[in-house]
Amino acid sequence: MKPYTVEQGLVAPLDRANVDTDLIIPKQFLKSIKRTGFGANLFDELRYLDEGYLGQDNSKRPKNPDFVLNQPRYQGASILLTRANFGCGSSREHAPWALEEYGFRTVIAPSFADIFFNNCFKNGMLPVILPEDIVDQLFNECQAQEGYQLTVDLPAQVVRTSNGQEFAFSIDEFRKHCLINGLDDIGLTLQDSAVISEFESKAQQSRPWVFNSLRP
Amino acid sequence: MAGKTLYDKLWDDHLVKQRDDGSCLIYIDRQLLHEVTSPQAFEGLQLAGRKPWRLDANIATPDHNVPTDKAERSEGIAGIKDDTSRIQVKTLDENCKAFDIVEFDINDVRQGIVHVVGPEQGLTLPGMTVVCGDSHTATHGAFGCLAHGIGTSEVEHVLATQCLIQKKSKNMLIRVDGVLGAGVTPKDVVLAIIAKIGTAGGTGYAIEFGGQVFRDMSIEGRMTVCNMAIEAGARVGMVAVDDKTIAYVKDKPHAPKAEQWDQAVDYWSTLHSDDDAVFDAVVEIDGASIEPQVSWGTSPEMVIPVTQPVPTLAQAKDEVQRNDWTRAYQYMGLTAGQALSDIPLDRVFIGSCTNSRIEDLRAAAEVIKGRKVASSIKQAMVVPGSGLVKQQAEAEGLDKVFVEAGFQWREPGCSMCLAMNADKLQPGEHCASTSNRNFEGRQGNGGRTHLVSPAMAAAAALAGHFVDVRHF
Ligand code: SF4
């Protein structure tokens, strides 16, 4: 997984509370065999005027010009600023997959739904919790200034504005460690490769039949 | 110090590392892969530039989406009409090729439902840890295995690391002593267990099935019981290794040979709970009291003996159950107190990883022999669990028994167990089914499933309604 350390980027404001995972990525896209390809259907119902389906050519679909991500000034945004209880609803891991593929590695909100919050870390994304009044302030600044950027400094645990103002956030030490080092569950387990190999060579003695080749 | 349970032994023998937070790395001996839950796992590996840790730990076969109709099947993957289904099966082929994983593909005679194929090929061996992205992986516990159903992220994790991150469960013993009556089968035993402990009864536990009934039971029967541990809430169900287990495994294609065999048998013979082992929970059932069972509702715990009517709300234990039952009556189109024999049946399905092995087909054929499916039944089908089960049944002439009676004799796969392929119930139709889940819509939108044993399903097909197979 790509390590997450200091990320600077354009901010897109999604001024809406209780955004559920069905809104993030509607259920018809879950039939896919892929972990990728969801970015084009992120916020599908908000983003397009017609109803989307799996395998469609999204470039031909009519876009909703009012939706924030369709506005020219937010193209290339990598930080999503939003409201309380983001990511509620079903447990689909497709929600963080879609956000990440679209380009959002960071979501800032006053609170997140639990499963979504967990799923973000599995996918190298950072959900940042900031107090309600600070989120308000960021919304105001973002809407007022075109090209508004923020820097998220994970090692220092602060969100920094371009004029140097800093807002501290908290994060579980273990998760921070995994993100900074780019460790997913697999990466973490692989840190124990030597222990696994050692176990395996012992098992090859005590239960050799488990390791027989399946090939003729 | 108290002795160890079978689960404790299997756990200890596969424990790679215990972390400070109590989570453990458990070594996985065998992973079974199928087309539905593996594609994102393979893609994840590829994106991260990783390789499978140990190629020969893995074996794949498509089962959920394959057509069971002979004509469609003869065309191979091209015969799958639904686009998403076809792509899933094709993707499995491509992934197995790309990663060099052994696959029994759609038209290989060894293809079948993963949980039938593993034991049949000796890929499931006693004492192994077995995982699959499928909740019915507990089936393999019949061999004294520690077998878990896992999610897609975990499939990828096992592919990449050969380990699973787990926390240890508690131990539960379900002891069924005595002798089963004639016409009472392993399926009836497991349904009666679920009726007793409920669908959450085993949550947080690894279940061991013990007692005379399981000692007397065939290996196929033990698989049927362990298969439904998940319907009792437990991810893991198992039975101790005994002479029958070892005899069943002998000479299977991937069973150990020569000296390795002797070494294996020595080890396998230790795979039972010690006499002084302590279980966190014990459930006891008298085997002689179990009657043939039928599920009437929309949860595997809504099960009654065939001799009893659909329960009334007065029998419900609390308000939650009253609400569940009220919804179930409505969905199933039943009235409280109604006799099971009054339910008009539309279809009969004999198959699924619960009951599609040779012994199941023999039991059904035994009932059917020389009789005809009732004219009121729109469709009665038999779907063998694997190509080899099908071959064996044909060698014994069972296919003729079924076909002459009016059953369809199909190609192997999951089929109408979950209706991911073209085999489905229509809204409102009642089906006597040997599968394991009767949730709303499981066998098709609006479909009404009744879970039964193969013998009970066969008898119901002939009578056109449920009958007590003991007096049929
Ligand atoms: S037969 Fe049914 S329960 Fe078994 S693996 Fe297939 S779909 Fe799942």
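All figures in this text were calculated on a predicted structure; none of them were measured in a lab.

With respect to the overall build of chain B
- The helix and strand tally for chain B stands at 16 helices and 19 strands.
- Against the globule reference of 23 Å for 472 residues, chain B gives a C-alpha radius of gyration of 21 Å, in line with a compact fold.
- Considered along the principal axes of its C-alpha atoms, chain B spans approximately 55 × 55 × 45 Å.
- Residue burial in chain B is summarised as follows: out of 472 residues, 65% are buried.
- Considering only intrachain contacts with a sequence separation of at least 6, the fraction spanning at least 24 residues in chain B is 75%.
- Here chain B displays about 16,500 Å² of accessible surface, and carbon together with sulfur accounts for 50% of that area.
- Computing the positive centroid from 46 side-chain charges and the negative centroid from 62, chain B places the two 2 Å apart.

Focus on helix α6 (residues 152–161) of chain B
Residues and elements named next belong to chain B.
- Burial analysis of α6 places seven of its ten residues in the buried class, which makes it a mostly covered element.
- Along α6, the residues classified as buried are Val155, Glu156, His157, Val158, Leu159, Ala160 and Thr161.
- With its phi angle positive at about 65 degrees, glutamine 162 sits one or two positions after the end of α6.

Section: the interface of chain A and chain B
- Contact with chain A, which involves 35 residues of that partner, is made by 50 residues of chain B.
- Of the roughly 3,600 Å² buried at the junction of chain A and chain B (both faces included), carbon and sulfur atoms supply 56%.
- One salt bridge in this structure joins aspartate 184 of chain A and arginine 50 of chain B, with 3.4 Å as the shortest N-O distance.
- Our enumeration of links across chain A and chain B arrives at 20 residue pairs in polar contact (both at pLDDT 80 or more).
- For the side of chain A that touches chain B, the secondary structure elements donating two or more residues are α3 (94–102), α7 (185–190) and α8 (193–206) of chain A.
- No other element matches α8 of chain A, which puts eight residues into the side of chain A that touches chain B.
- When the residues that make up the side of chain A that touches chain B are grouped by side-chain class, the tally is 14 nonpolar, eleven polar and ten charged.

Examining the site of the ligand
- Taken together, His64, Ile113, His115, Asp134, His136, Ser352, Cys353, Cys414, Cys417, Leu418, Asn436 and Arg442 of chain B make up the full set of residues near the ligand.
- Split into classes, the residues belonging to the shell around the ligand amount to five nonpolar, five polar and two charged.

A short note on the environment of alanine 393 of chain B
- Within the fold, alanine 393 of chain B resides in helix α14 (residues 387–395).
- Discounting residues that sit within four places of it in the chain, alanine 393 of chain B has contacts with Ile358, Leu361, Leu398, Asp399 and Trp409 of chain B.

Quick look at the domain arrangement of chain B
All names here are of chain B.
- Under the domain assignment used here, chain B contains domain 1 (6–166) and domain 2 (293–471).
- Between the C-alpha centres of domain 1 and domain 2 there is a distance of 28 Å.
- Across the boundary between the two partners, domain 1 contributes 25 residues, which contact 25 residues of domain 2.
- Together domain 1 and domain 2 conceal approximately 1,900 Å² of surface at their shared face, both sides included; 59% is due to carbon and sulfur atoms.
- Scanning the region where domain 1 abuts domain 2 turns up zero salt bridges.
- Counting across the interface, domain 1 meets domain 2 through twelve residue pairs in polar contact (both at pLDDT 80 or more).

A word on the packing of helix α13 (residues 358–368) of chain B against α14 of chain B
Residue and element names in this part refer to chain B.
- Where α13 meets α14, the closest approach of the two axes is 10 Å, and the angle between their N-to-C directions is 40 degrees. Considering their axes alone, α13 and α14 lie oblique with respect to each other. Note on packing geometry: the crossing formed by α13 with α14 is right-handed. Contact residues: α13 offers Ile358, Leu361 and Arg362, while α14 offers Val389, Gln392 and Ala393.
- Of the residues contributing to the contact of α13 with α14, the split by class is four nonpolar, one polar and one charged.

Here we look at the nonpolar core
- Formed by 97 residues in total, the largest nonpolar core has its most connected members in Ile174, Ile193, Phe209 and Trp268 of chain B.
- In terms of residue count, the dominant contributor to this core is helix α7 (residues 186–197) of chain B (seven residues).
- Apart from residues no more than four positions distant in its own chain, tryptophan 268 of chain B is found in contact with Trp209 of chain A together with Leu125, Pro126, Val241, Ile246, Val249, Pro256 and Trp261 of chain B.

Basis of the calculations
- Residues numbered from 1 in each chain as written.
- Chains lettered and ligands numbered in written order.
- Predicted model: local features only at pLDDT ≥ 70, side-chain atom pairs only at ≥ 80, totals over all residues.
- Heavy atoms only, no water.
- Helix = DSSP H or I, 4+ residues; strand = E, 2+ residues; numbered from the N terminus.
- Rg over C-alpha atoms; globule rule 2.2 N^0.38 Å.
- Buried < 20%, exposed > 50% of the residue type's maximum accessible area, 1.4 Å probe, protein only.
- Contact = heavy atoms within 4.5 Å.
- Areas by Shrake-Rupley, 256 points an atom, 1.4 Å probe, with all protein chains shown as cover.
- Lys, Arg positive; Asp, Glu negative; His and termini not counted.
- Charge placed at Lys NZ, Arg CZ, Asp CG, Glu CD.
- Buried area = accessible area lost by both parts, 1.4 Å probe.
- Salt bridge = Lys/Arg side-chain N within 4 Å of Asp/Glu carboxyl O.
- Polar contact = N/O pair within 3.5 Å; in protein donor to acceptor, adjacent residues only side chain to side chain.
- Nonpolar A, V, L, I, M, F, W, Y, C, P; charged D, E, K, R; others polar.
- Near = heavy atom within 4 Å.
- Domains from an automatic or database assignment.
- Axes fitted to C-alpha atoms, helices over the stretch in contact; angles between N-to-C directions.
- Parallel < 35°, antiparallel > 145°, perpendicular 65-115°, else oblique.
- Left-handed = near helix turned anticlockwise from the far one by under 90°.
- Core = buried A, V, L, I, M, F, W, Y, C linked by side-chain atoms within 4.5 Å.

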